[in-house]
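# Analysis of the macromolecular model
Listed below, chain by chain, are the residues.
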Amino acid sequence: MDKIKLGIPGLDEILNGGIREGSMILFSGQPGTGKSIASMQFIISGAKKGIHGMFITSEETAISLREDMKSVGFDVSAMEKKGLITVVEQSVTGGGMVSIEAPLKLIQKRKIKRVVLDSLTLFEYVYGNSVNEFRKGIISFIKQMKEAGVTLIVTSERQTYDGLQYRPEDYLFDGLVILSLIRKGATYERVIQVAKMRGQNHMLNIFPLQIGKQGMTVFPNEVPFSLIEQDAMKRTKK
């Protein structure tokens with residue numbers, strides 16, 4: 001299958017050129033690790049090439065989303081005016097994904113090829129404590145996206161990097177990208193790891209990343225200082 005670039009400097013290199021077109025990818029991590037920025041960067045990158053994208057937000061309004069993205073250099077409004085990006089609000093208080101048919105119709109009508117769902121929390125509100133129904137809901141959504149012929153990125157919350165345990169939803173997606181905060185002295189360092197990507201080779205290391213005025217940049221040739229610091233402390237204790 002053809003590969004498409006995510007548009008995130010360094011991450012495409014880690015993925016040996018990008019991801020397979022039509023893949024369903026999960027970006028999972030702690031708050032503040034850059035999940036929303038990375039997924040919007042994927043949409044913006046496509047829009048710059050004339051590829052239509054949709055961003056479904058369930059935890060903030062479209063207005064606040066546009067303002068947040070403007071702070072990292074993404075002019076979402078300009079792309080919306082050109083018809084290259086569609087922002088859809090899906091409230092978690094709506095009592096269910098009753099409006100999923102509307103986004104699907106827009107995907108078909110506007111020939112949308114890239115979709116982001118931010119975040120998987122939407123399904124948790126819909127299905128509550130029922131693990132089986134939660135999984136079924138995700139599987140159904142993935143199936144609909146595959147049938148629509150889009151490449152999908154979904155974000156989800158993960159408590160911590162240390163002592164990582166895989167969750168049921170991690171196995172449902174073609175790819176799993178984990179973003180984390182690791183303690184570095186009196187502060188924290190953002191890092192990223194591609195845990196899996198079905199059907200393609202990729203680097204397995206943990207890499208540092210930065211978020212600035214041009215969005216997210218990953219450094220595939222560097223080792224996180226936080227991990228070097230942790231290793232040094234372990235050797236000292238020995």
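Just above sits the structure.
The following refers to the structure shown. (Residues numbered from 1 in each chain as written. Predicted model: local features only at pLDDT ≥ 70, side-chain atom pairs only at ≥ 80, totals over all residues. Heavy atoms only, no water.)

Looking now at helix H5 (residues 101–109). All of the buried residues in H5 are Pro103, Leu104 and Ile107. Considered in projection along H5, the buried side chains sweep an arc of 100° and stay on one side of the axis. Among the exposed residues of H5, those pointing more than 90 degrees away from its buried face are Lys105, Gln108 and Lys109. On its buried side, H5 packs onto strand S4 (53–57), strand S5 (85–89), strand S6 (114–118) and helix H7 (131–147). Positioned one or two residues after H5, Lys111 has a phi angle of 55°, which is positive. (Buried < 20%, exposed > 50% of the residue type's maximum accessible area, 1.4 Å probe, protein only. Helix = DSSP H or I, 4+ residues; strand = E, 2+ residues; numbered from the N terminus. Arc of directions from axis to C-beta. Contact = heavy atoms within 4.5 Å.)

Side-chain pairs of opposite charge can arise whenever the charged atoms involved come near each other. The tally for this structure, following the rule as stated, stands at nine salt bridges. The salt bridge involving Arg158 is made with Asp170; its shortest N-O contact spans 2.9 Å. Separated by twelve residues along the polypeptide, Arg158 in the loop between strand S7 (151–157) and strand S8 (175–184) and Asp170 in the loop between S7 and S8 bring together distant segments of the chain. Each of the two residues, Arg158 as well as Asp170, counts as buried. Residues joined in a network through salt bridges with shared partners are Lys146, Asp174 and Arg198. (Salt bridge = Lys/Arg side-chain N within 4 Å of Asp/Glu carboxyl O.)

A few words on the environment of Ile142. Note that Ile142 resides in helix H7. On the basis of relative accessible area, Ile142 is assigned to the buried category, the value being 6%. Distance in space between the C-alpha atoms of Ile142 and Leu152 is 8.3 Å, their sequence separation being ten residues. Once residues within four sequence positions are removed from consideration, Ile142 is found in contact with Met24, Leu172 and Phe173.

This next bit is on the pairing of S4. Among the five residues in S4, five count as buried, and that is most of the element. The two faces of S4 match: Gly53, Phe55 and Thr57 on one face and Met54 and Ile56 on the other face are all buried. By the bridge criterion, five bridges tie S4 to S5 in an arrangement that is parallel. Note that in S5 the partner of Gly53 across the bridge is Ile85. Inspection of the sheet shows S4 paired to S6 by five bridges, in the parallel sense. By the bridge assignment, Phe55 is partnered in S6 with Val116. (Pairing = 2+ DSSP bridges.)

Nothing here speaks to function; it is all geometry.
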